[in-house]
Amino acid sequence: LHQPAEGYRAAIDPVFLAAAVPALDGQVVLDVGVGVGAAALCLAFRMPACRVVGIEIQPVLAALARENVHLNGLQSRVDVLTGNMSAPPPRLAPGSYHHVMTNPPYLSAEQATAPPHAGKAIANVESEIDLPQWMRFCVNMLRPKGTLTVIHRADRLDDLLAALRGKVGEIALFPLWPKPGRSAKRVILRARKAIAAPLELLPGLVLHEDDGNYTDAAKAVLW
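Starting from 1, residues in each chain are numbered consecutively following that chain's sequence as written. Only residues with pLDDT of 70 or above have their local features reported here, since the model is predicted, and side-chain atom pairs are shown and tallied only from 80 upward, although totals for entire chains, interfaces and linings are computed over all residues. Side-chain figures throughout are based on the complete set of non-hydrogen atoms in the structure, without hydrogens or water.

1. A word on the overall build of the chain
Helix and strand assignments follow DSSP, with helices taken as H or I runs no shorter than four residues and strands as E runs no shorter than two, numbered in order from the N terminus. Looking only at helices and strands, the chain features 7 helices and 9 strands. Structurally, the chain occupies a C-alpha span of about 45 × 45 × 40 Å along its principal axes. Each residue gets one of three labels from its accessible area relative to the maximum for its type: buried under 20%, exposed over 50%, partly exposed in between, using a 1.4 Å probe on protein chains only. The buried share of the chain, reckoned over its 223 residues, is 48%. We call two residues in contact whenever any of their non-hydrogen atoms come within 4.5 Å of each other. Within the chain, contacts between residues at least 6 apart in sequence are counted, and of these 72% link residues at least 24 apart. For the chain, the computed accessible surface area is about 10700 Å², with 55% contributed by carbon and sulfur atoms. Taking the average place of the 22 positive charges on the side chains of the chain and the average place of its 20 negative ones, the gap between the two points comes to 5 Å. Exposure was quantified through the Shrake-Rupley algorithm and a 1.4 Å probe, taking into account, for residues, occlusion by the shown protein chains and nothing else. His is not counted here, nor are the chain ends, while Lys and Arg score as positive and Asp and Glu score as negative. Taken as the charge location is NZ of Lys, CZ of Arg, CG of Asp or CD of Glu.

2. Quick notes on the pattern of salt bridges
The working definition used for a salt bridge is a side-chain nitrogen of Lys or Arg within 4 Å of a carboxyl oxygen of Asp or Glu. Summed over the entire model, instances satisfying the criterion amount to 5 salt bridges. For D13, the salt bridge identified is with R186, shortest N-O distance 2.8 Å. One end of the pair, D13, is in helix α1 (residues 13-19); the other, R186, is in strand β7 (residues 186-193), with 173 residues separating them in the sequence. Since its relative accessible area comes to 13%, D13 is described here as buried. For R186, a relative accessible area of 24% translates into the label partly exposed. Of the charged contacts in the structure, one is a salt bridge between R153 and D155, with a shortest N-O distance of 2.6 Å. Of the residues examined, R153 reaches a relative accessible area of 26% and is grouped as partly exposed. The exposed category is assigned to D155, whose relative accessible area is 52%.

3. Side note on the layout of surface pockets
Of the two site types, the cavity is a set of points on a 1 Å grid over the protein atoms alone where a 1.4 Å probe fits but cannot get out, and the pocket is an open set with protein on both sides within 12 Å along at least five of seven lines, each lined by residues with an atom within 4 Å of a point. Grid points are joined across faces, edges and corners, and a volume is the space filled by probe spheres set on the points. As a volume, the second largest pocket reaches approximately 170 Å³. Taken together, F16, A19, A20, A172, F174, I188, L189, R190, L202, L205 and V221 form the lining of the second largest pocket. For the lining of the second largest pocket, the secondary-structure elements that each account for two or more residues are α1, β6 (168-177) and β7. The element best represented in the lining of the second largest pocket is β7, accounting for 3 residues. Gly is put with the polar residues, along with every residue not named as nonpolar or charged; the nonpolar set is Ala, Val, Leu, Ile, Met, Phe, Trp, Tyr, Cys and Pro, and the charged set is Asp, Glu, Lys and Arg. Residues belonging to the lining of the second largest pocket are distributed by class as follows: 10 nonpolar, no polar and 1 charged.

4. Quick notes on unusual backbone geometry
Although it is not a glycine, E170 adopts a positive phi angle of roughly 55°. Relative to the elements of secondary structure, E170 occurs in strand β6. Residue classification places E170 among the partly exposed positions, given a relative accessible area of 35%. A positive phi is found at A194, a non-glycine position, where the angle reads about 60°. A194 sits in the exposed class, given a relative accessible area of 56%.

5. Here we look at a negative patch on the surface
On the surface, E209, D210, D211 and D216 cluster together to form a negatively charged patch. Of note, D210 is situated in the loop between β9 (205-206) and α7 (216-222). Given the relative accessible area of 62%, D210 is considered exposed. Each patch is assembled from residues with relative accessible area greater than 30% and no salt bridge, linking like charges that lie within 9 Å and nonpolar side chains (Val, Leu, Ile, Met, Phe, Trp, Tyr) that lie within 5 Å.

6. Here we look at the packing of aromatic side chains
Aromatic rings from Phe, Tyr and Trp, with only the six-membered ring used for Trp, were paired whenever their centres fell within 6.5 Å, and each pair was classed as stacked if the ring planes differed by under 30 degrees, edge-to-face if by over 60, and tilted otherwise. The tally for this structure, following the rule as stated, stands at 1 aromatic pair. For the ring pair Y214 and W223, a centre distance of 5.8 Å and an interplane angle of 75° mean the geometry is edge-to-face. Owing to a relative accessible area of 25%, Y214 belongs among the partly exposed residues under this scheme.

7. A word on the pairing of β6
Of all 10 residues in β6, 7 are buried; the element is thus mostly enclosed. Sheet analysis places β6 next to β9, joined by 2 bridges and oriented parallel. In the strand pairing of β9, W177 is matched with V206. We call two strands paired when DSSP finds no fewer than two bridges between them.

Take a look at the structure:
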């Protein structure tokens, strides 16, 4: 996976995001904010009979994502488009995807000082597209009963739920605990469009043992 030497670099979040998408053979998944393609590639490897389309606003990252797709021999099943959600490429037809997955900017513009590196700032801090607009776009791309999967900071869960209120149902929350007894830093949210069902809080997954090594459950996803 080629990444920029400086600026935003993918870590483990896109790996866990891809692992949470309930894609089936023959289905099409949209990765909103695909970056260099980490989540898209993980999902394509896990589900060799599904297709993944990614959209990325930063041309440099989109170009790296396409390079990574070719390096991994997945050009027949993974496609990366350069574009903005406010004016998406014509190929992105609303209501046409079985699943949408996304790792949106974690920080609101009001609460964060943007990093000096422009690319990292776009990836980490909301700009002209805030979280409600981001979620609206994602849900709009889904087919009826399609699944939305999001990874976000646990301390912004209230913002995420507010952005999705009235748009999705069957919400399942899956915390990622850094260590036993520690507060969750990340949460994976999965929901479905045009479904009315109550919210469910799942047990989640502990990432590290007390000694800092990954737990067996985390290794099963990461390795």
